[in-house]
Each structure stands twice: as C-alpha cells, then as structure tokens.
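Results of the structural survey
Below are the chains, spelled out letter by letter.
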Amino acid sequence: MLKKERQAYILHQVSLHNSVLSADLSSSINVSEDTIRRDLNELAESGKIIKVHGGALSKSFNSFYLRTDVYNADSKKMIAEKAVSLIQDGMFVLTGGGTTIIEMARLLPENLKATFLTGSIPAAYEYSQHPNIEVIFIGDKISKKSQIAVGGEAITKVKHIKADLCFLGINAIDREHGITDNDWEVAQLKNAMIESANRTVVMSISEKLNSCQRIRVCGVEDIDILITELNPTDPILDSFRMPGVTIL
C-alpha cells in the first residue's frame, strides 16, 4: 500500500472511530508501528488529526463546538433527531459524549424540561445553554482522548443514579462481540451507565455496524434501542434484530 493510500485509510479510521491505536493500524495495514508513527506524525503536522501516545484522535474532540467538518455529519443529525423523540418532560437522562450526542443536545426543544447527567465536558456545555434543562456534571479525572470524566469516582457516582434513559455514542458494534471500545476506562464507565438506566439507547452511524475493537462494553442484548441513520427495515440491521432490542 502506497503512503498516500495508507494515510487515507488512517484518516478514515480516525474519522469513523474517533480514536485509533497505532498497534491496531499496524496490524490491519500490515506495516510496522514505526511506519504508522511516521504517518501519524505527518498527519498531525498537517492538522488532520491529533497525535497522542499510542495512537491518534479525531480533531472533533479538540473543540466544544460541533465542527463543520465532522465526519458523516448529516447521518449523525438524522440519528440525533430520532433520539430527541424519545425524551420527555421530567426525565432523568444520562449521556456519554461524542459528536452525535452534541448534535442531539443542540436539537432539544426549548420547552423541554428534564435533567441531564453527563461526564462529557462538551455535552455538559451544550446542555447548559438550554433554558429549561438541569445539568448535573459527573466529575473525576478527564480523559483527554474522549473529553469525558473517567475513573473510580465517576463510576461510583454513576452507580448512584437511576436514569430513565441512557444515550451512548459508540466506537464499534457487531452481533458476536457486542459494543466494543479501545479505551479501557471509557468502556468501564459506559458499562456502569448501562447498568444505571432503565433503558439504554445506542447511537451509531451504519459504518460502525459489524465492526469490532479490543475492549467489550456489553452485548447487543444488553441494550434496549439501537439508532442509526438507516431505515429500521434496512437488511444491514438484520443481524441486530432480537427480542428486547428496538431499532429506530
């Protein structure tokens, strides 16, 4: 694979999954980690990614504001519109972070009166701009990779919550491995969030379907609603149809 093709592949993976590990890129492209590190350095120097120890982040995490160049922004807006339809007055809503969650926050109707709980700095900022929403920030150590509070204290706080809904953006999902991530601390937090909610809503663009990362968060059967930008009858979603899981 030529360098130009290799770097295009890396950019796509970063955009799709928000973060990537050098070791995973090395394995999937079948080149050395030194080659991957050089590619990541070049992409970071050109302003296309954020280089971090062991991998890279999407530039979407480098701002409180939803960027105009967010990957697949139209699909994420469609997902957010479906998600907003689930939220009712008086609910306690627990959310993670990510660009789809931020888009959902921006689409919340002005007359909605609800309480939103999150450890995501960008999401908390967006909720705080809403005239009728109470915001509870779940604090602890901030993960620079995801701009979200992680760690034992955050997990303990989440376990003391009984939310009506939990909204999660994800990195990967397939029928066999369930929801997976490449960040151990974020995966543990997401697992605690799922256990603390009456219903869990997973939001994912269709490109992330049938993909897998290293750390398991939960099984598909452990969620209640899966939202993508696709029509719910699309055959691509067939492998996720099972009792107890609603597809929107």
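Above this text you will find the structure in question.
This report concerns the structure included in the present document. This one's a predicted model, so the numbers in the text were calculated from it and none came from an experiment.

For the protein, the helix and strand inventory stands at 8 helices and 15 strands. In terms of C-alpha radius of gyration, the protein reaches 18 Å, essentially the compact-globule figure of 18 Å for 248 residues. Seen along its three principal axes, the alpha-carbon backbone of the protein occupies a region of about 55 × 35 × 35 Å. By residue count, 53% of the 248 residues in the protein fall in the buried class. Look at the contacts in the protein between residues 6 or more apart in sequence, and 62% of them connect residues 24 or more apart. Summed over all atoms, the accessible surface of the protein reaches about 11400 Å², with 49% contributed by carbon and sulfur.

What follows concerns helix α2 (residues 22-29). Listed in full, the buried residues belonging to α2 are Ser22, Leu25, Ser26 and Ile29. In a view along the axis of α2, the buried residues occupy a sector of 100 degrees, so they form one face of it. Lining the buried residues of α2 we find α1 (3-17), β1 (19-21), α3 (33-45) and β3 (55-57). Within two residues after α2, Asn30 carries a phi angle of roughly 65 degrees, on the positive side.

Applying the stated criterion across every chain, the model contains 1 aromatic pair. Relative to Tyr127, the ring of Phe116 lies with its centre 4.6 Å away and its plane at 40 degrees, an arrangement referred to as tilted. Of the two residues, Phe116 sits in strand β5 (residues 114-118) while Tyr127 sits in helix α6 (residues 121-128), which places them 11 residues apart along the sequence. Comparing Phe116 with Tyr127 shows no difference in burial state: the two are buried.

Pairing analysis gives 5 bridges linking β5 to strand β6 (residues 133-137), with the strands arranged parallel. Across the sheet, the residue bridging to Thr118 is Phe137, located in β6. Remark: the β5/α6/β6 crossover connection has right-handed handedness.

This brings us to the packing of α1 against α3. For the pair α1 and α3, the least separation of the axes is 10 Å and the interaxial angle reads 75 degrees. Taken as axis vectors, α1 and α3 run roughly perpendicular relative to one another. In this structure, α1 uses Lys3, Arg6, Gln7, Ile10 and Leu11 to contact α3, whose residues at the interface are Thr35, Ile36, Asp39, Leu40, Glu42 and Leu43. Residues that form the contact of α1 with α3 fall into these classes: 5 nonpolar, 2 polar and 4 charged.

Another aspect to go through is the environment of Ser239. Locating Ser239 in the fold gives a position in the loop between β14 (225-227) and β15 (246-247). Once the C-alpha coordinates of Ser239 and Glu176 are considered, the two residues, 63 residues apart in sequence, prove to be 9.5 Å apart. Not counting chain neighbours up to four residues away, the residues in contact with Ser239 comprise Arg175 and Asn210.

What follows concerns the sheet that holds β6. The strand order β6-β5-β4-β9-β12-β14-β15 describes an open sheet built from 7 strands, whose pairing is parallel. The open sheet terminates on both sides in strands that have one partner only, identified here as β6 and β15. Where helix α5 (residues 99-107) meets the sheet, it contacts β4 (92-95), β5, β9 (163-169) and β12 (197-203), and its direction lies at approximately 130 degrees from that of β9. Each of β4, β5 and β6 touches α6; the most contacted strand, β6, lies at about 155 degrees to it.

Cut-offs used in this document
- Residues numbered from 1 in each chain as written.
- Predicted model: local features only at pLDDT ≥ 70, side-chain atom pairs only at ≥ 80, totals over all residues.
- Heavy atoms only, no water.
- Helix = DSSP H or I, 4+ residues; strand = E, 2+ residues; numbered from the N terminus.
- Rg over C-alpha atoms; globule rule 2.2 N^0.38 Å.
- Buried < 20%, exposed > 50% of the residue type's maximum accessible area, 1.4 Å probe, protein only.
- Contact = heavy atoms within 4.5 Å.
- Areas by Shrake-Rupley, 256 points an atom, 1.4 Å probe, with all protein chains shown as cover.
- Arc of directions from axis to C-beta.
- Phe/Tyr/Trp six-rings, centres within 6.5 Å; stacked < 30°, edge-to-face > 60°.
- Pairing = 2+ DSSP bridges.
- Right-handed = clockwise from strand over helix to strand, strands pointing away.
- Axes fitted to C-alpha atoms, helices over the stretch in contact; angles between N-to-C directions.
- Parallel < 35°, antiparallel > 145°, perpendicular 65-115°, else oblique.
- Nonpolar A, V, L, I, M, F, W, Y, C, P; charged D, E, K, R; others polar.

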